[in-house]
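# A closer look at the structure
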Amino acid sequence: MKALIVEDEVMAANMLARTLTGNFPDIEVVGITDSVRGTVEWLGSHASPDVIFMDVELSDGECFEIFRQVQVKSQ
């Protein structure tokens, strides 16, 4: 399972990545982004991850803005 982490606090993002990969060997963290803009750009240039872990409050807005800019496809 491929996972994207959206978190603007570096320590929190790294801790979540370590927790996921350390406890769930079938999860691969394919990216970490830290903003709405960065996440929209990442999603536009990479294959869709299976799951996205998002912080609500990011440095440039709320994560919900990402869903206004990117179409989410169900698998």
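Residues numbered from 1 in each chain as written. Predicted model: local features only at pLDDT ≥ 70, side-chain atom pairs only at ≥ 80, totals over all residues. Heavy atoms only, no water.

## Observations concerning the side chain of S35
Defined as follows: The helix count covers DSSP runs of H or I at least four residues long, the strand count covers runs of E at least two residues long, and both are numbered beginning at the N terminus. Two N or O atoms count as a polar contact when they lie within 3.5 Å, although within protein this holds only if one can serve as hydrogen donor and the other as acceptor, and sequence-adjacent residues are included solely when both atoms are side-chain atoms. Any two residues whose heavy atoms approach within 4.5 Å at even a single point are treated as in contact.
Topologically, S35 is positioned in the loop between β2 (28-33) and α2 (36-45). One polar contact links the side chain of S35 to the main-chain amide nitrogen of G38, over a distance of 2.9 Å. If sequence neighbours within four positions are ignored, S35 has contacts with L58, S59 and D60.

## Quick look at the sheet that holds strand β1 (residues 2-6)
To keep it simple, the criterion reads: When DSSP finds two or more bridges between a pair of strands, those strands are recorded as paired. Here an axis means a line fitted to C-alpha atoms, over the contact stretch when the element is a helix, while the angle between two N-to-C directions is reported on a 0 to 180 degree scale.
Reading across from one edge, β2-β1-β3 is the order of the 3 strands in this open sheet, with parallel pairing throughout. Two strands bound the open sheet, and with one partner strand each, they are β2 and β3 (51-54). Adjacent strand axes in the sheet meet at a mean angle of 20°, parallel and antiparallel pairs treated alike. The sheet contact formed by β1 and β3 spans 4 bridges and is parallel. Across the sheet, V6 pairs through a bridge with M54, a residue of β3. Sitting on the sheet, helix α1 (residues 10-23) is in contact with β1, β2 and β3, with an inclination near 170° to β2.

## Notes on the pairing of β2
Of the pairings in the sheet, the one linking β1 to β2 comprises 5 bridges and is parallel in character. Its bridge partner lying in β2, A3 is registered against V29.

Note that all results are geometric; they support no functional claim without further evidence.
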